[in-house]
Amino acid sequence: MNVTALRLVAVLSLLAVAPAARAQARSYQPFRVDLTVFGAYAPSDATAWGIGAALEPKFNLTDDLSLGLRLEGSAFVTQDVSVGSGGSEVSVSQGARAVSAYLAKADYYLGSSSTRPFVGLGLGLYRIGSATQSVSGGAVVQSAAALDGFGFCPQIGVSFGGFRVAATYHVVTGGDLVVVTQAVGAPAPTEVKLSKNFVAFEIGGTFGGNRRSSGSVLPPIAR
């Protein structure tokens, strides 16, 4: 990660935790960590499927709002595509690529029961790793460059106390990645779009941030 990226993550981190100095949830323990695994899908000219994991340390600012970070890593495998070559077609493998994200994250919970729906939003830096593109038979081998970009991820889910499920849509700005391939003998190159955006379906657990017992609920903050 370059210096600019590190500065961006540091600023987002400070913005995420700065309000914690003045307030905290009355009915819940202040700190929580959400750890999830997910399957992901990225539709485009060449569809990609992936798996990954996310770590979210957060502070319960109020009973309904938590603020913190989302640190995420995933790996994608992209389907092969066919490229014309002299009246025949060859299969082009796009190779695997890694995606990492460093985000500020906020979750807003609805209701006060043990089962609580929530909506979330992450904002920060995404890094898409390079991938090798090869044609069957070794006719063509190319490498797609790595990419750093700003992005965000709206999320909806349900928390069951120590267990949670969610769906997250990741949007990385700048449009799709375009890979140009020209097999040996083909009259013109073929453009293949690889989506930077993807949807993830998450399942995982929550550590800490439990509901306080009735005798330990904090009093309202004096105004």
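Residues numbered from 1 in each chain as written. Predicted model: local features only at pLDDT ≥ 70, side-chain atom pairs only at ≥ 80, totals over all residues. Heavy atoms only, no water.

Draft legend 1. Here's a closer look at the sheet that holds strand S3 (residues 65-78). Strand order around the closed barrel formed by eight strands is S1-S2-S3-S6-S7-S10-S11-S14, with antiparallel pairing between neighbours. For this sheet, the mean inter-axis angle between neighbouring strands, taken without regard to orientation, is 25°. The pairing of strand S1 (residues 31-42) with strand S2 (residues 48-60) spans 12 bridges and is classified as antiparallel. Considered in S2, the bridge of Thr36 is made with Ala54. (Pairing = 2+ DSSP bridges. Helix = DSSP H or I, 4+ residues; strand = E, 2+ residues; numbered from the N terminus. Axes fitted to C-alpha atoms, helices over the stretch in contact; angles between N-to-C directions.)

Draft legend 2. Representation of the packing of aromatic side chains. Taken as a whole, this structure holds five aromatic pairs when the rule is applied. Arranged with centres 5.1 Å apart and planes meeting at 70°, the rings of Phe31 and Phe59 form a pair that is edge-to-face. Remark: Phe59 occurs in strand S2 and Phe31 occurs in strand S1; sequence separation between them is 28 residues. The exposure class of Phe31 is exposed, given its relative accessible area of 57%. Lying over the aromatic face of Phe76, Arg97 brings its terminal NZ or CZ to 5.9 Å of the ring centre. (Phe/Tyr/Trp six-rings, centres within 6.5 Å; stacked < 30°, edge-to-face > 60°. Buried < 20%, exposed > 50% of the residue type's maximum accessible area, 1.4 Å probe, protein only. Lys NZ or Arg CZ within 6 Å of the ring centre and 35° of its normal.)

Draft legend 3. Up close: the pairing of strand S10 (residues 147-159). Pairing analysis gives 13 bridges linking strand S7 (residues 116-128) to S10, with the strands arranged antiparallel. Directly across from Leu125, in S10, lies its bridge partner Phe150. By the bridge criterion, seven bridges tie S10 to strand S11 (residues 163-172) in an arrangement that is antiparallel. Following the sheet pairing, Val158 is matched in S11 by Val165. The turn joining S10 and S11, which pair antiparallel and follow one another in sequence, is formed by three residues; a positive phi near 90° is taken by Gly161.

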